[in-house]
Amino acid sequence: MDEVVEALEGELGAATLAGPVTEDAWLAFLRFGRRSFHLSDAPDADGLLFQYGTHAFDGPPTFTLDLVRQFEVTDNSGDHDHYVQVHCELRYGLAPALEALGSFNSWFFHGAGGDDLEQWAHGLTQRPAWTVIRRLEPVEIRVYQEQV
């Protein structure tokens, strides 16, 4: 899984050299989301999550856009063991326009049928919230992985 974090960091590094804006990070995340990794054939083995909201996890309330890729990890017999999530967390200052967006989340799973990745991404950028956040510069971008 270490190469997965490095892959996301590589995509972000190229996208954010000229001062990161949300749209640059989103496009980097989508490039990362298109990469193939060796996983099980389960329909939820490889998923993308787009979520945002105002949270106070480790300090004062902050509007956060969290772009997540989730991978299923199986044991030696091929059974589900756990998931690993790789996060690209964009944090912004708190502003009334951001607080007014509330919270939202949407999942996409490779190989689960239905919409393809491009349709999912297009649908998200058609949401009114995207108009508010797409040109914002985050005050912090964190890339990390966790087991869930």
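Here's a quick rundown of the structure. Positions within a chain are numbered from 1, following the residues in the order the chain's sequence is written. Whole-chain, interface and lining totals are the exception, using all residues; otherwise, since this is a predicted model, local features are given only for residues with pLDDT of at least 70 and side-chain atom pairs are given and counted only at 80 or more. Side-chain calculation: all heavy atoms of the structure are included, whereas hydrogens and water are not.

So, on to the layout of surface pockets. One number sums up the size of the largest pocket: a volume of about 180 Å³. In terms of lining residues, the largest pocket is bounded by 14 residues, among which Q51, H55, F57, T64 and D66 are the most central. When grouped by side-chain class, the residues that make up the lining of the largest pocket number four nonpolar, five polar and five charged. A cavity here means a set of points on a 1 Å grid, drawn over the protein atoms and nothing else, where a 1.4 Å probe fits but cannot get out; a pocket is an open set with protein on both sides within 12 Å along at least five of seven lines, and a residue lines either one if it has an atom within 4 Å of a point. Grid points are joined across faces, edges and corners, and a volume is the space filled by probe spheres set on the points. As a working rule, the residues Ala, Val, Leu, Ile, Met, Phe, Trp, Tyr, Cys and Pro are called nonpolar, Asp, Glu, Lys and Arg charged, and the rest polar, with Gly in that last group.

Before going further, it helps to spend a moment on helix α2 (residues 22–34). The periodicity of an α-helix, 3.6 residues per turn, causes residues three or four positions apart to be oriented the same way. A rise of 1.5 Å per residue sets the reference length of α2, with its 13 residues, at 18 Å; its end C-alpha atoms lie 19 Å apart and thus fit the reference within 8%. Only protein chains enter the accessibility calculation, which uses a 1.4 Å probe; a residue is then buried when its area is under 20% of its type maximum, exposed when over 50%, and partly exposed in between. Every helix listed is a DSSP run of H or I at least four residues long, and every strand listed is a run of E at least two residues long, numbered separately from the N terminus. Along α2, the residues that are buried comprise T22, E23, A25, W26, A28, F29, L30, F32 and G33. To estimate how far a helix should extend, the number of its residues minus one is multiplied by 1.5 Å.

To obtain each axis, a line is fitted to C-alpha atoms, and for helices this fit is confined to the stretch in contact; angles are then taken between N-to-C directions over 0 to 180 degrees. Look at α2 against helix α4 (residues 117–125): their axes get within 11 Å of each other, and the N-to-C directions meet at 160 degrees. Looking at the two axes, α2 sits roughly antiparallel to α4. With respect to the hand of their crossing, α2 and α4 are arranged in right-handed fashion. Of the residues in α4, those in contact with W26, L30, G33 and R34 of α2 are L117, E118, W120, A121, L124 and T125. Considered class by class, the residues forming the contact of α2 with α4 number six nonpolar, two polar and two charged. By definition in this entry, angles of less than 35 degrees are roughly parallel, angles greater than 145 are roughly antiparallel, angles of 65 to 115 are roughly perpendicular, and the rest are oblique. When the near helix sits turned anticlockwise from the far one by under a right angle, the crossing is termed left-handed; a clockwise turn instead gives a right-handed crossing. The contact rule is simple, with two residues in contact once any of their heavy atoms fall within 4.5 Å.

What follows covers the packing of aromatic side chains. Each pair of aromatic rings is reported with the distance of its centres and the angle of its planes. We call Phe, Tyr and Trp rings a pair once their centres come within 6.5 Å, taking the six-membered ring for Trp, and we label the pair stacked below 30 degrees between planes, edge-to-face above 60, and tilted otherwise. Scanning the model with the defined rule gives 14 aromatic pairs in all. Each ring, one from W107 and one from F109, has its centre 5.2 Å from the other, and the planes form 5 degrees; the classification is stacked. Ring-over charges, as used throughout, are those where CZ of Arg or NZ of Lys falls within 6 Å of the ring centre and within 35 degrees of the ring normal. When the ring centre of F104 is taken as origin, the NZ or CZ atom of R127, which lies over that ring, is 3.6 Å away.

Throughout this description, the term salt bridge denotes a Lys or Arg side-chain nitrogen within 4 Å of a carboxyl oxygen of Asp or Glu. Counted by the stated rule, this structure contains nine salt bridges. A salt bridge links R69 to D46, with the shortest nitrogen-to-oxygen separation between them at 2.6 Å. Here the residue R69 occupies a position in strand β2 (residues 62–74), and D46 occupies one in strand β1 (residues 46–55), the gap between them amounting to 23 residues. By relative accessible area, which is 0% here, R69 ends up buried. Among the residues examined, D46 registers a relative accessible area of 9% and is labelled buried. Note that R91 is salt-bridged to E140, the shortest N-O span being 3.9 Å. Here E140 lies in strand β5 (residues 140–147) and R91 lies in strand β3 (residues 80–92), a separation of 49 residues in the sequence. Judged by its relative accessible area of 35%, E140 falls in the partly exposed class. One continuous salt-bridge network, built from bridges that share partners, spans E89, R91, E140 and R142.

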